[in-house]
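Each chain, letter by letter, is given below.
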Amino acid sequence: MLLIHCPYCEQDLPELEFAYAGEAHIARPADPSKLTDEEWRDFLFIRTNPKGVHFERWRHVNGCARFFNAVRETVGDKFLATYRADEPRPDISSLTGDAK
Amino acid sequence: MTSYRLQGRGRVDHGKPVNFTFDGKTYQGLAGDTLASALLANGVHLMGRSFKYHRPRGVVSAGSDEPNALMGTRRGPGRFEPNTRATIQEIREGLEAASQNRWPSLAFDMGAINDNLGSLFSAGFYYKTFMWPRAFWDRVYEPVIRNAAGLGVSPTEPDADSYASRFAHVDVLVVGAGPAGLAAALAAGRSGASVMLVDENAEVGGTLLSEPTVVIDGQPAWDWLAATVAELDGLANVQVMPRTTAIGYYHQNLVGLAQRLTDHLAAPPEGAPRERMWKVRAKEVVLAQGALEKPLVFDGNDRPGVMLASAAQTYLNRYGVKVGDRPAIVTAHDSAWHAAFDLAGAGAKPVVIVDMRASVDPALTDRAHALGIEALLGRTVTGTAGRLRVTSLRVNRMEGGKAGEPRDIGCDAVLMCGGWTPCLHLFSHTQGKLAWDEALQVYLPGRKTEAVQIAGAGRGLWSIAASLGDGANAGAAAARDVGLEAEAPVFGVAADRTGSGITLKELPTDRDPAKAKAFIDFQNDVTAKDIRLAVREGMRSIEHVKRYTTNGMATDQGKMSNINGLMIASDALGKAPPQVGLTTFRPPYSPTTFGTFAGYHQDATFEVTRKTPIDPWAEANGAVFEPVALWRRAWFFPKPGEDMHAAVGRECRGARASVGIFDASTLGKIEVVGPDAVTFMERMYTNPWAKLGVGRCRYGLLLGEDGFIRDDGVIGRIAEDRFHVTTTTGGAARVLNMMEDYLQTEWPDLKVWLTSTTEQWAVVALQGPNARKLLEPFVEGLDISAEAFPHMAVAECTVAGFPARLFRVSFTGELGFEVNVPARHGRALWETLWQAGQQYDICPYGTETMHVLRAEKGYIIVGQDTDGTLTPGDAGLTWAIGKAKPDFVGKRSLTRPDMVAKGRKQLVGLLTEDPKVVLQEGAQIVADPAQPKPMTMIGHVTSSYWSDALGRSIAMAVVVDGRERDGQTLHIPMPGGTITAKVVKSTAFLDPENRRLSA
Ligand SMILES: [Zn+2]
């Protein structure tokens, strides 16, 4: 059971309080009617599913109920960072220590 | 006492006899015995039958790695456990144990015929034997497999015990209380760190319990142990927990511990939990789990009386039990020599020490000669004899790498040692890498992923001196890592028995290796030739070899078999062991009861049952209940003598003829409030909301972004900036989550607040032509006449003196009202209306009648008539879409090519040709019943009821291009014959003009 840092509660809390909510930084298009079928398909279904660093959404559902974003390394299953939903994607190299 | 118990020896209490039974026979052991040691003291070696071949088996080990001595243990009704390890279970007065996997008796077992059918059960037999013919599956293979599968029998009664769970946070968790673990706990404990020291055995001490002759700091091992335990017990910051198995090592140093609390007690305290699950979050973990001894792999190495040398040493020194009078020792490691010496010192007469190595430390052979034990070097072992107990050993000289002339040596026990495997199961749980050590021929811990130290034999350190020192260093390092000052204590050790050895594959034989039963995995009956066969048949990965042969897949998780299997597989593959790799260890470390995992989550605390404020009335009035999501809802209210069919028919008539009363409190309710509430509703739901007046309601349809129906419900506009949203009973939490998601992450600029109000409101529905007449006298502050308060009106008012939100809505097709009052008034409102309703023969109805009434009107239930693949178009709900709206959740998906293509399943009505036949919900529909099997299924029945109002059955179904099939006859093949039914485009079976609900 992971400990997850809620960026709103500012505490490390057990995974039981949280729910995963899919990949992060996939904004709903402002005007979906302008999208081609392929673009809309990509928005709906196509996800990166990386082996390694993944930007993803979590919800502190049994706590403050806020949605937030997280950077998780999927091989070792470790959180590198969590941040508020309105904050930009953090720089990976600063989190993993490799400046590549 | 028998001749196998040595007076005054061991840590058992010779003054405290304990009686227990095994297979119905009473035996006596001593306090401190395990089941295995007590049986051995009685001369009983035969303790079980193997899984596949039903071969007679004796105890092999003295610990949790035991593959053979698994028993059913019982303590009265509801307290039966299969597969209890006799090597771990302590005896207690009255303990009942029974052997497993045998019929009719342990000594004579019919299943042993499998032993002669070995060729049928070779590697991959699951995959080969049960392939064909197809028809054999149902009648032969499956019953046979089910009958043979699994060791032991499942308990048949509910578990009468209770279980506990607890969280703990410590600086340092030490797993294993042998020399390394004790030293680590001392070092960390003295630094002031909070320390938890756990050990799976009944007593801490590990190897020291079996090695009393070692001297530590000038004290005999057991005196040093007592002093150390006393010091640890005296430290308030240290908790020592025997009988506690670390079962799993999870992320961020969370370790699961299963603690056995009462299984060793003759009379547990009333109400005491049987086991407790600890979830320990440790800043630092020290793994000091020691090493596991490997068997040697030779024909007949599974005969009762053949066991690990270290086990014999443990039975002797810890339990005062001699496993035999004339043991033979076969070994590839120095450690077994000491077992022989200890046995000789205790009065046994070891007949021979057979070492696979051509030369050993002369000190060992000298000692053997001095004790009169024959020592044979550079030999191989090629067989054993004896039916239910070993009687002789077949030993061959090695000549030019081949087994030469054999010699039979009589014995009553064979003590084997194939070297040692560092126990790294928990380390593997953390995805820690294992590194092959070429010199030691073992896997050692490599790269770490957690804040963990491995100490002692787990790092390939075989001596007690080295383990003590290593443990002390690990404990001190752990304490320093949590910011404390710590020093590693230094220990002076004398009479230590350091040893070394070699790692082997199966032993060479002069006999036909294809006939040899040289076991690797005793519990799953996997032999050396099975591994070689798997490789010959194309298995290359060790994971495939494991699954094909089932090696290491028994309940001991390959504790004994893993490395032997790997050595043989890598030899067969012609690769070095690290190139072949090791299978993955997974939690739990040893079998753990379901009760321990469940903890307090039993019965009512396993899953809550949600009840409405009106539930007690329903219970008092004879309701039959059904679960709906977590709710318990009144299903129907049978009168004396009525079955469900009769009760539902009466309830339907009651509602349609006069007035029915229904508890609708479980409906999900969400209050959507704020200046941007209407904008939010416009974006979330398909329907238009901007023009919905205050005081009006609308049916709302919610889609996912993929365009499929997610939920629906009536939504009332209470004020310009306030909506009362209802959802399906099961969908409330999901809908709120979805709304929150969009509000928080897509449209954070909207000023909207969402509140779950499901449990704030009790909802009483009155449905039927007399609903208004009944309700009107109780309503204050509102005119509810047909003109002033039409269908789909909502208003705040007072009902029966309670503040209320009154909806004029109908899920039955009748004139209907839903009265929402604060939950605490729900029961009183219900009783008031119930009393007043007597003059109208008011009829309480349950969810079944609600379903029938709505189906007669063709109203769908999301989740029953839809399944997550239906669009509004498929469900015939395009009227609920706000055509002029530029966007709403799911809108764009409705024009994707596949969503508008032909061939989609559409919701239609189905009327059976025989009106008396009620279709089965879920039944598949075909167009042509004469087509060959497998038939093309074009849809299925989603709802089906007997309609009292229509005097016939009705059904709803999703069917490919269903609406185009209006009037077509379709077929529903059932086991009793094919049913024919006609498609009707409209699902409104009753009053399609809606005259009744507009009354
Ligand atoms: Zn939070």
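See the structure above.
Residues numbered from 1 in each chain as written. Chains lettered and ligands numbered in written order. Predicted model: local features only at pLDDT ≥ 70, side-chain atom pairs only at ≥ 80, totals over all residues. Heavy atoms only, no water.

Draft legend 1. Layout of the overall build of chain A. The number of helices and strands found in chain A is two helices and six strands. For chain A, the α and β elements follow one another from N to C terminus as β-β-β-α-β-β-β-α. The principal-axis extent of the C-alpha atoms belonging to chain A is close to 40 × 35 × 20 Å. Per-residue burial for chain A yields a buried fraction of 37% across its 100 residues. Intrachain contacts of chain A at a sequence separation of at least 6 include 46% that bridge at least 24 residues. Of the roughly 5,700 Å² of accessible surface on chain A, a fraction of 50% belongs to carbon and sulfur atoms. Charged side chains in chain A number 13 positive and 17 negative. The centres of these two groups are separated by 2 Å. (Helix = DSSP H or I, 4+ residues; strand = E, 2+ residues; numbered from the N terminus. Buried < 20%, exposed > 50% of the residue type's maximum accessible area, 1.4 Å probe, protein only. Contact = heavy atoms within 4.5 Å. Areas by Shrake-Rupley, 256 points an atom, 1.4 Å probe, with all protein chains shown as cover. Lys, Arg positive; Asp, Glu negative; His and termini not counted. Charge placed at Lys NZ, Arg CZ, Asp CG, Glu CD.)

Draft legend 2. Here's a closer look at the nonpolar core. Residue and element names in this part refer to chain B. With 79 residues, the main nonpolar core has Tyr 315 and Val 330 as its most contacted residues. The element that contributes the greatest number of residues to this core is helix α7 (residues 335-345), accounting for seven residues. Val 330 has contacts with Leu 296, Phe 298, Val 354, Met 356, Val 381, Leu 393, Val 414, Leu 415, Met 416 and Cys 417, leaving out every residue within four places of it along the chain. In this structure, Ala 187, Leu 197, Ile 216 and Leu 468 belong to the second largest nonpolar core, which totals 38 residues. (Core = buried A, V, L, I, M, F, W, Y, C linked by side-chain atoms within 4.5 Å.)

Draft legend 3. Representation of the side chain of Thr 84 of chain B in the model. All names here are of chain B. Looking at the secondary structure, you find Thr 84 in strand β6 (residues 80-85). In this structure the side chain of Thr 84 is engaged in a polar contact, spanning 2.8 Å, whose partner is the side chain of Thr 73. Those residues in contact with Thr 84, other than ones at most four positions away along the chain, are Ala 69, Leu 70, Met 71, Thr 73 and Gln 89. (Polar contact = N/O pair within 3.5 Å; in protein donor to acceptor, adjacent residues only side chain to side chain.)

Draft legend 4. How the structure looks around the coordination of the zinc ion. Residues and elements named next belong to chain A. Those donors, Cys 6 (SG), Cys 9 (SG), His 60 (ND1) and Cys 64 (SG), are the protein atoms that reach the zinc ion, and they lie 2.0 to 2.3 Å from it. Considering all four donor atoms around the zinc ion, angles at the metal cover 105 to 115° and the coordination shape is tetrahedral. Coordination of the zinc ion draws on donor residues from a single chain, spaced C-x2-C-x50-H-x3-C in sequence. With Cys 9 in the loop between β1 (3-6) and β2 (11-14) and Cys 64 in the loop between β4 (53-59) and β5 (67-73), the pair connects residues that are 55 residues apart, well separated along the chain. Under the relative-accessibility criterion, Cys 9 is labelled partly exposed at 28%. (Donors = N, O, S within 2.8 Å, 3.2 Å for Na, K, Ca; no water. Tetrahedral: all angles 85-135°; square planar, octahedral: opposite > 155°, others 65-115°.)

Draft legend 5. View of the packing of aromatic side chains. Evaluated as defined, the whole model comprises 23 aromatic pairs over all chains. Seen in terms of ring centroids, Phe 18 of chain A and Phe 68 of chain A are 5.8 Å apart; in terms of plane orientation they differ by 90°. Their pairing is edge-to-face. Of this pair, Phe 18 of chain A sits in the loop between β2 and β3 (19-23) while Phe 68 of chain A sits in strand β5, and the two are 50 residues apart along the sequence. Across the pair, exposure class does not vary: Phe 18 of chain A and Phe 68 of chain A are buried alike. Residues Tyr 699 of chain B and Trp 879 of chain B carry aromatic rings whose centres are separated by 5.5 Å and whose planes lie at 40° to one another, so their mutual orientation is tilted. Of this pair, Tyr 699 of chain B sits in strand β36 (residues 697-703) while Trp 879 of chain B sits in the loop between α22 (847-856) and α23 (897-900), and the two are 180 residues apart along the sequence. Using a relative accessible area of 18% as the deciding quantity, one classes Tyr 699 of chain B as buried. Here Arg 57 of chain B stacks its cationic end above the ring of Phe 519 of chain B, 4.7 Å away from the centre of that ring. In this arrangement the basic side chain of Arg 632 of chain B is found over the ring face of Phe 625 of chain B, its NZ or CZ atom lying 3.7 Å from the centre. (Phe/Tyr/Trp six-rings, centres within 6.5 Å; stacked < 30°, edge-to-face > 60°. Lys NZ or Arg CZ within 6 Å of the ring centre and 35° of its normal.)

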